[in-house]
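Letter by letter, the chains look like this.
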Amino acid sequence: METFLSTIISFPTAIYTTLLGIVLCYWLFALIGMMDIDILDGDMDIDADGDIDGTAGISGLMVTLGLTGVPITIIISFLVFWGWLFTYFASLFLLQLLPFNWLQWLVGAGVIVISFGLSIILTARCIRPLKPFFKSHHHQESLVGRQCVISTSKVTEKFGQAICDLGSTELIINIRHKEPNSLKKGDKVTILEHNKEHNTYTVSELDLID
């Protein structure tokens, strides 16, 4: 246990340990519905086929590396996990055996670069089977009129998600509602319209339209 702790708080593993802590906190908040799973996706829309709606640059690089088709938060989580795992074992079985501190720092910097490269390869492989779960086979407009269940703790004009049951699959969508409202996790709402610019859906409480 002492070796484990000393390894995860030493360079270079400490960098990934910090990032892994942030990732775990994010998923904790996402699990209780306080954060969106695609909170970092913004206006950039890259679907599983690699079609890009947004600026090039980073988007094009992600398509080339195969890091598309799932929310960016999932991609970052895998990158951090694999990076942490590689740096941990590199520190445990290599860096701690080096005789000089300056040599450990030098090799440690190289380990970070190599670990990041390997984590990209493994992340691309890990998210491949997940892509079908995040690819919508339905036109956004076809969802209008459907009922969905809120999956976040609240719904505001800038925040909120819901799960739409499409029969053979379930679709997670971003929803919005005027404030103030009493909407909460588990409430059923009806989709009124789709906002193409922000890829969100305006919803209404069921009792308001019955």
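Residues numbered from 1 in each chain as written. Predicted model: local features only at pLDDT ≥ 70, side-chain atom pairs only at ≥ 80, totals over all residues. Heavy atoms only, no water.

### Some remarks on a nonpolar patch on the surface
Logical step 1: Taken together, the side chains of Phe29, Leu31, Ile32 and Met34 present a nonpolar region at the surface, about 400 Å² in accessible area.
Logical step 2: In this structure, leucine 31 sits in helix α2 (residues 13–31).
Logical step 3: Its relative accessible area of 65% is what places leucine 31 among the exposed residues. (Patch = residues over 30% accessible without salt bridge, like charges linked within 9 Å, V, L, I, M, F, W, Y side chains within 5 Å. Areas by Shrake-Rupley, 256 points an atom, 1.4 Å probe, with all protein chains shown as cover. Salt bridge = Lys/Arg side-chain N within 4 Å of Asp/Glu carboxyl O. Helix = DSSP H or I, 4+ residues; strand = E, 2+ residues; numbered from the N terminus. Buried < 20%, exposed > 50% of the residue type's maximum accessible area, 1.4 Å probe, protein only.)

### Observations regarding the nonpolar core
Nonpolar side chains in soluble globular proteins tend to be buried together.
Logical step 1: Membership of the largest hydrophobic core comes to 15 residues, with the highest contact counts inside it found for Leu143, Cys148, Cys164, Ile173, Ile175 and Ile191.
Logical step 2: Excluding residues that lie within four positions of it along the chain, leucine 143 makes contacts with Cys164, Leu166, Leu171, Ile173, Ile191 and Tyr201.
Logical step 3: Within the second largest apolar cluster, 12 residues are counted, among which are Tyr26, Leu67, Ile74 and Ile75. (Core = buried A, V, L, I, M, F, W, Y, C linked by side-chain atoms within 4.5 Å. Contact = heavy atoms within 4.5 Å.)

### Here we look at the side chain of arginine 176
Logical step 1: In this structure, arginine 176 sits in strand β5 (residues 170–176).
Logical step 2: Using a relative accessible area of 17% as the deciding quantity, one classes arginine 176 as buried.
Logical step 3: Apart from the residues within four sequence positions on either side, arginine 176 is in contact with Val155, Thr156, Glu157, Lys158, Phe159, Gly160, Thr200, Tyr201, Thr202 and Val203.

### Examining the packing of aromatic side chains
Logical step 1: Taken as a whole and assessed by the stated rule, the structure comprises nine aromatic pairs.
Logical step 2: Pairwise contacts between aromatic rings join Phe4, Trp84, Tyr88, Phe89 and Phe93 into one cluster. (Phe/Tyr/Trp six-rings, centres within 6.5 Å; stacked < 30°, edge-to-face > 60°.)

### Concerning the confidence of the model for the protein chain
Logical step 1: Overall, the prediction assigns the protein chain a mean pLDDT of 81, with 83% of residues at 70 or greater.
Logical step 2: Scored below 50 in pLDDT, residues 43–56 shows 24 contacts in the model against residues more than four places distant or in partner chains. (pLDDT = per-residue confidence, 0-100.)

### Quick look at the packing of α2 against helix α4 (residues 72–93)
Logical step 1: Where α2 contacts α4, the axes come no closer than 9 Å and their chain directions differ by 145°. The chirality of how α2 crosses α4 is left-handed. The residues of α4 that touch α2, namely those facing Thr13, Tyr16, Thr17, Leu19, Leu20, Val23, Tyr26 and Trp27, are Thr73, Ile74, Ser77, Leu79, Val80, Phe81, Gly83, Trp84, Thr87, Tyr88 and Ser91.
Logical step 2: When its residues are assigned to classes, the contact of α2 with α4 shows 12 nonpolar, seven polar and no charged. (Axes fitted to C-alpha atoms, helices over the stretch in contact; angles between N-to-C directions. Left-handed = near helix turned anticlockwise from the far one by under 90°. Nonpolar A, V, L, I, M, F, W, Y, C, P; charged D, E, K, R; others polar.)

### Comments concerning the layout of surface pockets
A probe as big as a water molecule, rolled over the atoms, marks out the empty space that is left.
Logical step 1: The computed volume of the second largest pocket comes to approximately 200 Å³.
Logical step 2: Forming the boundary of the second largest pocket are Trp27, Ala30, Leu31, Gly33, Met35, Ile37, Ser151, Thr152, Gln161, Ile163, Ile172 and Lys185.
Logical step 3: If you list the elements that add at least two residues to the lining of the second largest pocket, you get α2 and β4 (161–165).
Logical step 4: Take the lining of the second largest pocket: its biggest share by element is three residues, from α2. (1 Å grid on protein atoms, 1.4 Å probe; cavity = no way out; pocket = protein on both sides within 12 Å on 5 of 7 lines; lining within 4 Å. Points joined across faces, edges and corners; volume = space filled by probe spheres on them.)

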